[in-house]
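Single-letter residue listing:
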Amino acid sequence: LNESRKMSVIDQPDGSKGLYLGASSRSGKSYLLRWTGTASNPFPKATGTGYPGFEKVADNSGSGLIGEIQSLKAEVGQTRLVVSSWSSWPSVKKSGGLYLSTPLPRDGFHSASPATFTPLLELDRFDPDPILGSTWGGGMLSVYRNKIYWGTMTIGSVYAAAYNLANPALEMTPGIRDNISRTLYARAAHVFRVDARKPAHPKIELLFGSEYFPVLDPKDGSLTYQANKLGLKPLMGDAGFGFGTVNYSWESAVFDDKLFIGTMDYSGGLVDYLANKTFSGDYQINANLRIAKEQGFISGGDMFVFENDTDQPRVITRDGLGNPDVNGFRNFINLNGTLYVGTSSESNIGPKAGYAFYRLHMKDK
């Protein structure tokens, strides 16, 4: 195991708390672990198939790398876990997804009473492109007003690699590279809302995303447009909250009965790199910048807040809080009743690049 993304403290039905952790490897292994330690002995000896300080309580191997973990009050007073996963492509050709656990036992999941997960939404069953579908990853995950808000992420280099593997003989002409960039920007950050209070009949809505996708033929690099396979239409806006360079709905937090969302916009790193480095020229990077300019991008990460579960989210910033070298907002922390946000800076070259924390003060409209 070489990756763990998030720990979550879950309130369990008997009033106790359990600390859960997703741990995985790029080979496709993916486990949900539960902490077995105490303050005086945080990492007791492993037992069975567990690890020091943790027991294995679910196996999601082959179905994506568990990242985010939340709890949901489902029907008949049941508590279930909701998890988001990344793709483990290319070792396992399976996209990221959103999964719902079996009901949580009174004292939580244990190795003797493990969880099993049922998919609510798998992104390779949404994307009509048979090559790219398995490369999507899951992003932000929050339960807001008892509905699941779930976002996605895409990585441009993974998309290009998927095409190369699908047909290594395909010549990477400038036109084909342009088409690869266009397929990437069309798959900017999506945000879904899922009502899973009746787990057997979840209601899935697409808040931000694409109804139609360009699909690239690996034989000749040509594009056709096809509807997403779930027939969903965006209710609030286009993918990437309107910008194709917003590739990751990165982090979210519920605070003061509002849902805050921070994104990753790789234009921040791209602009920082091109502006501050002697650069002889790479067609793909320049193509990305040119096509981003066609979309009227704004450099810097974006942040939004849903003030209720009916209206459009309110824009907090479109330009990295005034810093174009900030490519996103990675962490929200509620400390003593105040919400803090941590930034991300991808290229780290320009004079304004670097990590920072902000304290958020919400003003009236």
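Please read these numbers as outputs of a predicted model, since none were measured by experiment. (Residues numbered from 1 in each chain as written. Predicted model: local features only at pLDDT ≥ 70, side-chain atom pairs only at ≥ 80, totals over all residues. Heavy atoms only, no water.)

1. Quick notes on the overall build of the protein
Here's step 1: Scanning the protein for helices and strands turns up four helices and 22 strands.
Here's step 2: By the compact-globule yardstick of 21 Å for 365 residues, the protein fits well, its C-alpha radius of gyration being 21 Å.
Here's step 3: Looking at the protein residue by residue over its 365 residues, the buried ones come to 53%.
Here's step 4: Within the protein, counting contacts between residues at least 6 apart in sequence, those at least 24 apart form 59% of the total.
Here's step 5: Of the charged side chains in the protein, 37 are positive and 35 negative, and the gap between their average positions amounts to 3 Å. (Helix = DSSP H or I, 4+ residues; strand = E, 2+ residues; numbered from the N terminus. Rg over C-alpha atoms; globule rule 2.2 N^0.38 Å. Buried < 20%, exposed > 50% of the residue type's maximum accessible area, 1.4 Å probe, protein only. Contact = heavy atoms within 4.5 Å. Lys, Arg positive; Asp, Glu negative; His and termini not counted. Charge placed at Lys NZ, Arg CZ, Asp CG, Glu CD.)

2. Focus on the packing of helix H1 (residues 156-166) against helix H2 (residues 174-186)
Here's step 1: In contact at an axis separation of 10 Å, H1 and H2 are set at 130° when each is read in the N-to-C sense. As the angle between them shows, H1 and H2 are arranged oblique. Between H1 and H2 the crossing geometry is right-handed. Of the residues in H2, those in contact with Gly-156, Tyr-159, Ala-160 and Tyr-163 of H1 are Ile-180, Thr-183 and Leu-184. (Axes fitted to C-alpha atoms, helices over the stretch in contact; angles between N-to-C directions. Parallel < 35°, antiparallel > 145°, perpendicular 65-115°, else oblique. Left-handed = near helix turned anticlockwise from the far one by under 90°.)

3. Description of the side chain of Ser-30
Here's step 1: Tracing the backbone shows Ser-30 in strand E3 (residues 30-35).
Here's step 2: Side-chain polar atoms of Ser-30 contact the backbone oxygen of Gly-64, separated by 2.9 Å.
Here's step 3: Within polar-contact distance, the side chain of Ser-30 engages the backbone nitrogen of Ile-66 at 3.0 Å.
Here's step 4: Those residues in contact with Ser-30 that lie beyond four places of it in its chain are Ala-23, Ser-24, Ala-58, Asp-59, Asn-60, Ser-61, Gly-64, Leu-65 and Ile-66. (Polar contact = N/O pair within 3.5 Å; in protein donor to acceptor, adjacent residues only side chain to side chain.)

4. Describing the sheet that holds strand E2 (residues 17-24)
Here's step 1: Judged by pairing direction, the sheet is antiparallel, and its four strands sit side by side in the order E1-E2-E3-E4 without closing on themselves. In this open sheet, the two strands that pair with only one neighbour each are strand E1 (3-11) and strand E4 (54-59). On average, adjacent strands in this sheet sit at an angle of 30° to one another, irrespective of strand direction.
Here's step 2: In terms of strand pairing, E2 meets E3 through five bridges, oriented antiparallel. (Pairing = 2+ DSSP bridges.)

5. Describing the sheet that holds strand E7 (residues 97-101)
Here's step 1: Pairing within the open sheet is antiparallel, and its four strands lie in the order E5-E6-E7-E8. Bordering the open sheet on either side are strand E5 (65-73) and strand E8 (117-122), each of which pairs with just one other strand. On average, each strand axis in the sheet is inclined to that of its neighbour by 25°, with strand direction left out of account.
Here's step 2: Bridge count between strand E6 (residues 79-86) and E7: three bridges; the pairing is antiparallel. Bridging from a neighbouring strand, Val-82 pairs with Leu-100 of E7.

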